[in-house]
Amino acid sequence: MKFSRAQFPPDPARLSTDCPLCNSASSWTRPTEWLTLSALAPTDEKFVGLLAVYDNNSQYIAFSAAGNYTVDWGDGSAAENVESGVAAQHQYIFSSISNTTDVYEVDGLIAKYRQVIVTVTMQSEQSFTGINLQKRHSAQSASYSAPWLDIKLNGPLLDTIVISNTGQTVALKHLEKIEIGVIKNNIANFVYMFHNCHALASVSLFDTSASTNFTGMFQNCHSLLSVPIFNTALGQTFSAMFYGCYSLLSVPLLNTSSGTNFQNMFGYCSSLKTIPAINTSQGTNFSSMFSYCYAITTIPLLDTSQGTNFNYMIMFCVSLSDMPLLDTSKATTVTNMFQGCAALPHIPKLNTVLCTVFSGMFNGCSSLVYVPQLNTSTGANFGYMFMNCSALNEMPALDMSAATTLTSMFEGCKSLTRSRITGATKAISYIYCRLSRTEILEVFNNLGTAVAGTVITLTGNPDAAALTADDRLIATNKGWTITI
């Protein structure tokens, strides 16, 4: 009787108690109860895959290969010869599989699955040039799961490899390991290659030297612990490459010197604490690059000199306590750039001379006590910029003269005792801040001339109700209506 150690995603026992999406495991070991896959030589043109067969009568599998091929289904049925590009398909019956391959639940009461090894070889004088696991069995009308556990493939002329894709005709949520050997070195992209392979923990090094696009390559590989140093020298797009890799513990120093798009590259990498100083000198899009990296404590001084989009870049990096002086001189938008960075006490003086959108930039930065004199002269949208910055006690003289919205800019800033912003002409609220009469008068004096009836809200401030008629005239003479 065999007992499974295979991890089906996401197993709460493998997650850190400090972070609901962080993995505390440090390595992956192939379950000893799995059947052994034969080694593939560099000259082999072959695919072998370990498949789980469950106790039901609707276990369907289908795939296609390029080059006329032969399939051994591994269940004792006759081998099939299939023409190039035509889908091979099979239905497995649990009872027909040897019970010597049983893999049991930990309690040993119910067989979870039995195992077969599927083998694809080329027919005489045929070359293995493609494999596609996203073929739907003709008996299935909708998407379904194909329980591949472990896969090996090799073909010196292999240049089309479809393991997964965004459409997910066939889900590979059980696949834990894949070994890709020698393949043709002309594959231009690996877009979404392992997308939603939730259990994938181990992947081999294979030739990626010709690829320019790595978008979503490992997206939602929840169990992935590490990756080898792939050749990414020609890579231009790295967006979402590791997005949703909850368990990823380390990232090698990939060559990203040609990269322009880093959007969401490490989004939701919840266990990742640091990254190497990858080359981002050509990068223009850094949107959500580190969003929801709950465990990350530091970010290297990346070259962001060409960056224009920093939206959500480090949103909800709740453990980040220090921020380098990134070059934001070409940034036009920093929406929610630091939202939810609850441990960040201060930021450097970023160059925001071209920024027009600052909305939510520091929303939820509850430890933020200091804001430098940012250049906000071209800023239009400041909505929610400092919302729930509960430790912030003073605002520098930020220029609001071009602002079109200041909605809830200071909502939840319960420690704010002074605001020196200037030129505001749109409705603004200091509700439940801690402005004294002297600081309120300073705010009034720094207001711009507004359209009659524009509201400034001072509800909940200590001295707001004690303002004199003359005090109020400072604001009302500029068109403002005061709400207390």
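Note that the structure is a prediction, hence the values are computed from the model and not measured.

Novice: Break down the overall build of the protein chain for me, citing the residues and quoting the values.
Specialist: When its secondary structure is counted, the protein chain shows 2 helices and 19 strands. In summary, the protein chain has a C-alpha radius of gyration of 29 Å against a globular reference of 23 Å for 484 residues, an excess of more than 25%. Judged by the C-alpha coordinates and their principal axes, the protein chain covers about 95 × 50 × 40 Å. Per-residue burial for the protein chain yields a buried fraction of 53% across its 484 residues. Only carbon and sulfur atoms are counted for the fraction: they give 50% of the accessible area of the protein chain, which is about 18,600 Å². Taken as two groups, the 24 positive and 30 negative side-chain charges of the protein chain have centres that lie 6 Å from each other.

Novice: Describe in detail the sheet that holds strand 2 (residues 59-66), supporting the description with residues and values.
Specialist: Read across the sheet, 4 strands follow the order 5-2-8-11 without closing on themselves; strand pairing throughout is mixed. Each having just a single partner strand, strand 5 (88-92) and strand 11 (160-162) make up the two edges of the open sheet. Taken pair by pair, the neighbouring strands of this sheet meet at an average axis angle of 20°, ignoring direction. For strand 2 and strand 8 (residues 130-132), the ladder comprises 3 bridges, and the chain directions are antiparallel.

Novice: Mind laying out unusual backbone geometry, listing which residues take part and the relevant values?
Specialist: The phi dihedral of Ala 240 falls on the positive side, at around 55°, and the residue is not glycine. Assessed through its relative accessible area of 11%, Ala 240 is described here as buried.

Novice: Give a description of the sheet that holds strand 17 (residues 428-429) that names residues and reports values.
Specialist: In spatial order, the strands read 17-18-19; together these 3 strands make up an open sheet with parallel pairing. Of all the strands in the sheet, the pair left with one neighbour each is strand 17 and strand 19 (480-483). The pairing of strand 17 with strand 18 (residues 454-457) spans 2 bridges and is parallel. Looking across to strand 18, one finds that Ser 429 is bridged to Thr 457.

Novice: Go over helix 1 (residues 437-446), please, and point to the residues and values.
Specialist: Within the span of helix 1, buried status applies to Glu 439, Ile 440, Leu 441, Glu 442, Val 443 and Phe 444. On the buried face of helix 1, the contacting elements are strand 16 (418-419), strand 18, helix 2 (469-476) and strand 19.

Novice: Could you give an account of the pairing of strand 3 (residues 69-72), with specific residues and numbers?
Specialist: On any regular strand, side chains alternate: one points to one face of the sheet, the next to the other face. In terms of strand pairing, strand 3 meets strand 4 (residues 80-82) through 3 bridges, oriented antiparallel. Among the inter-strand pairings, Thr 70 is bridged to a residue of strand 4, identified as Asn 81.

Novice: I'd love a proper account of the environment of Val 48, names of residues and values included.
Specialist: With respect to the secondary-structure elements, Val 48 resides in strand 1 (residues 46-53). Among residues more than four places away in sequence, those in contact with Val 48 are Leu 37, Ser 38, Val 118, Thr 119, Asp 150, Ile 151 and Lys 152.

Novice: So what's going on with the side chain of Ser 419? Residues and values would help.
Specialist: Take Ser 419: it is sitting in strand 16. A polar side-chain atom of Ser 419 sits 2.9 Å from a polar atom in the side chain of Tyr 430. Setting aside residues no more than four positions away along its own chain, Ser 419 makes contact with Met 395, Phe 410, Tyr 430, Leu 435, Glu 442 and Val 443.

Novice: So what's going on with the environment of Ala 343? Residues and values would help.
Specialist: With respect to the helices and strands, Ala 343 occurs in the loop between strand 14 (202-203) and strand 15 (394-395). Here the alpha-carbon distance between Ala 343 and Leu 406, two residues 63 residues apart in the chain, equals 25 Å. When near neighbours in sequence (up to four residues on either side) are disregarded, Ala 343 contacts Val 318, Ser 319, Leu 320, Ser 321 and Ser 367.

Novice: Can you lay out the confidence of the model for the protein chain for me, pointing to particular residues and giving the numbers?
Specialist: Summing up the model confidence of the protein chain, the mean pLDDT is 92 and the portion of residues at 70 or higher is 93%. pLDDT under 50 marks residues 1-24. Its contacts with residues more than four places away, or in other chains, come to 66 contacts.

Novice: Requested: an account of the side chain of Lys 478, with residues and values cited.
Specialist: Within the secondary structure, Lys 478 is located in the loop between helix 2 and strand 19. With no salt bridge to any partner, buried Lys 478 finds its closest opposite charge in Glu 442, at an N-O distance of 12 Å. Apart from the residues within four sequence positions on either side, Lys 478 is in contact with Phe 444, Asn 445, Asn 446, Leu 447, Gly 448, Thr 449 and Ala 450.

Novice: Before we move on, could you go through the pairing of strand 13 (residues 177-180) and cite the residues and values that matter?
Specialist: Where strand 10 (residues 148-154) lies against strand 13, 4 bridges are found, and the strand directions are parallel. Its bridge partner being in strand 13, Lys 152 is matched across the sheet by Glu 179. Note: strand 13 against strand 14, 2 bridges, orientation parallel. Each bridged residue has a counterpart across the sheet, and for Lys 177 the counterpart in strand 14 is Ser 202.

Novice: Could you give an account of the environment of His 198, with specific residues and numbers?
Specialist: Within the fold, His 198 resides in the loop between strand 13 and strand 14. You can call His 198 partly exposed: its relative accessible area is 24%. Remark: the alpha-carbon pair of His 198 and Ser 223, spanning 25 residues in sequence, is separated by 6.1 Å.

Novice: Kindly report on the packing of aromatic side chains, identifying the contributing residues and their values.
Specialist: For the coordinates displayed, the defined rule picks out 28 aromatic pairs. Ring centres 5.0 Å apart and planes at 10° place the aromatic pair Phe 410 and Tyr 430 in the stacked group. Within this pair, whereas Phe 410 is found in the loop between strand 15 and strand 16, its partner Tyr 430 is found in the loop between strand 17 and helix 1, the two being separated by 20 residues in sequence. The same class applies to Phe 410 and to Tyr 430, which are both buried.

The rules we used
Residues numbered from 1 in each chain as written. Predicted model: local features only at pLDDT ≥ 70, side-chain atom pairs only at ≥ 80, totals over all residues. Heavy atoms only, no water. Helix = DSSP H or I, 4+ residues; strand = E, 2+ residues; numbered from the N terminus. Rg over C-alpha atoms; globule rule 2.2 N^0.38 Å. Buried < 20%, exposed > 50% of the residue type's maximum accessible area, 1.4 Å probe, protein only. Areas by Shrake-Rupley, 256 points an atom, 1.4 Å probe, with all protein chains shown as cover. Lys, Arg positive; Asp, Glu negative; His and termini not counted. Charge placed at Lys NZ, Arg CZ, Asp CG, Glu CD. Pairing = 2+ DSSP bridges. Axes fitted to C-alpha atoms, helices over the stretch in contact; angles between N-to-C directions. Contact = heavy atoms within 4.5 Å. Polar contact = N/O pair within 3.5 Å; in protein donor to acceptor, adjacent residues only side chain to side chain. pLDDT = per-residue confidence, 0-100. Salt bridge = Lys/Arg side-chain N within 4 Å of Asp/Glu carboxyl O. Phe/Tyr/Trp six-rings, centres within 6.5 Å; stacked < 30°, edge-to-face > 60°.

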